[in-house]
Structures are given as C-alpha cells and as structure tokens.
Amino acid sequence: MSRTPVRLYMSVSVDGYIAGPDDRPGQELGRNGGRLFNWLDDRMSKGVNGQVYAEASSTGAVISGRRTFELANRWQGDHHDGVPIHVLTHHIDPADEPPGSAKFYTDVTACAVEAREAAGDRAVLVHGAGAAQALLAAGQLDELELHVVPVLLGDGRRLFEPAGLDHVDLELVRRLEGRDATHMRYRVVHRDAEQS
C-alpha cells in the first residue's frame, strides 16, 4: 500500500453487532456488549491478543465518530500516547473545545488526509461505525481489522447498516486466532486500484 493505511479496528459479534441494545452513557457497550471485549483481558500477553492490541496501540493517529468519542468520555483528550484524535461530526459548535489533541471535522476527506499526515509511517486507527461508513463511502478506508467474537448478540448497534453503498470487495490479508476472538484483517479493494 502506497499511502498510510486508515484501518478500522472493531470488535464485532458473529451477527454483526459492535454494541448490545441500548448503548448510552453509563452503558456504553449496551446490554451484553461487554462480551465483545473479553479478549482484551489478554492485551498484555505475549500471545495473539497481546500482539493485536500492541499493533492498535502503535498507530500514529485516531479517527473517531462523534458518538464513539462522546461515549468514550472523549478519552480525556488522549486515546494513546498523545496521538492526534480526529473526530468526524455533522456539526461543530465553536464553543465546544475538544480536549487534548482532539480536533473536530465535518469533511471526511480532509479528516483522513490530516490523520494520514499526522500518523506518518504508522497506521491510522479508526473507531466507530459511523466513521467507518463515512470513510468507506469517501474512498478513504483502506483496511478493516475485525475482532470477531463467537457470540450472537441478536440486537444492538450494527457495524454496517444499509447505507446505499455500492458493492465493496475485501481481500483477506491476515487471520489470527486469539482466545475468544478471531482477528481478521481485510484490505478494501478500491475501484480505482482495480482498474489500474
């Protein structure tokens, strides 16, 4: 890949949910949604889950959807190691000053370009279904790192809702089996790359 990758990192149930029903402040993962993150109990291990967590923590910038940013209590302005946090939002209130290195964007492409510049030779970490969908629609999402958890939540917040996107091909570039999660990395096959 010639450009700095913008990579979604997301834990997801087998039936496609990233949070259980009724996700809100105080219940950020929804009912039963915490099950999606049991694999993080091994985040400091030398095993697969530790490797995947270390990779996510070594990214050079973050792009987040506004909803995710707020549910995460704005990460108190520091997602990890002081890297810049780029927050996609529909509206910017000039009186709302984001904490730490966070900055609000309404333009998806500008957000991705600035995040890539900030990340340098490291990947950009993406959080949030809305951000992922907006970046994908704009041709700015390069990879999906899905931590597939063996559970059917049955309801909640889906990673990909029907959004009028055209057919999108993905290429599996890595599959790692960790305890309580299968880590699948896909490359987004961009149409312009297919035609060249």
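Here, the structure is the one placed above.
Rules behind the numbers
- Residues numbered from 1 in each chain as written.
- Predicted model: local features only at pLDDT ≥ 70, side-chain atom pairs only at ≥ 80, totals over all residues.
- Heavy atoms only, no water.
- 1 Å grid on protein atoms, 1.4 Å probe; cavity = no way out; pocket = protein on both sides within 12 Å on 5 of 7 lines; lining within 4 Å.
- Points joined across faces, edges and corners; volume = space filled by probe spheres on them.
- Helix = DSSP H or I, 4+ residues; strand = E, 2+ residues; numbered from the N terminus.
- Nonpolar A, V, L, I, M, F, W, Y, C, P; charged D, E, K, R; others polar.
- Core = buried A, V, L, I, M, F, W, Y, C linked by side-chain atoms within 4.5 Å.
- Buried < 20%, exposed > 50% of the residue type's maximum accessible area, 1.4 Å probe, protein only.
- Pairing = 2+ DSSP bridges.
- Axes fitted to C-alpha atoms, helices over the stretch in contact; angles between N-to-C directions.
- Contact = heavy atoms within 4.5 Å.

Caption draft 1: Structural context of the layout of surface pockets. Its boundaries defined by the atoms lining it, the largest pocket holds a volume of some 1,200 Å³. Along the walls of the largest pocket sit 43 residues, with Met 10, Thr 68, Trp 75, His 127 and Gly 128 positioned nearest its centre. Elements supplying a minimum of two residues to the lining of the largest pocket: β1 (6-13), β2 (17-19), α1 (48-57), α2 (66-71), β6 (124-127), α4 (129-137) and β8 (157-158). Considering every element that reaches the lining of the largest pocket, the biggest residue donor is α4, with 5 residues. Broken down by class, the residue content of the lining of the largest pocket amounts to 21 nonpolar, 15 polar and 7 charged.

Caption draft 2: Representation of the nonpolar core. Leu 8, Ile 63, Leu 88, Val 126, Leu 135, Leu 141 and Leu 146 are the most contacted members of the largest nonpolar core, which has 28 residues in total. Residue assignment for this core shows that the elements contributing at least two residues are β1, β3 (61-65), α3 (108-119), β6, α4, β7 (143-149) and β10 (181-189). Counting residues in hydrophobic clusters, the runner-up holds 11 residues, among them Trp 75, Val 87, Phe 104 and Leu 125.

Caption draft 3: Representation of the sheet that holds strand β9 (residues 169-178) in the model. Spatial ordering of the open sheet is given by β5-β4-β3-β6-β1-β7-β10-β9, a layout of 8 strands whose pairing is mixed. The open sheet terminates on both sides in strands that have one partner only, identified here as β5 (102-105) and β9. Between one strand axis and the next, the sheet turns by 25 degrees as a mean value, whatever way the strands run. Sheet topology note: the β9/β10 ladder contains 9 bridges and is antiparallel. The residue of β10 that forms the bridge with Asp 169 is Val 189. The strands that α1 touches are β1, β6, β7, β9 and β10; relative to β9, the one it contacts most, it runs at about 130 degrees.

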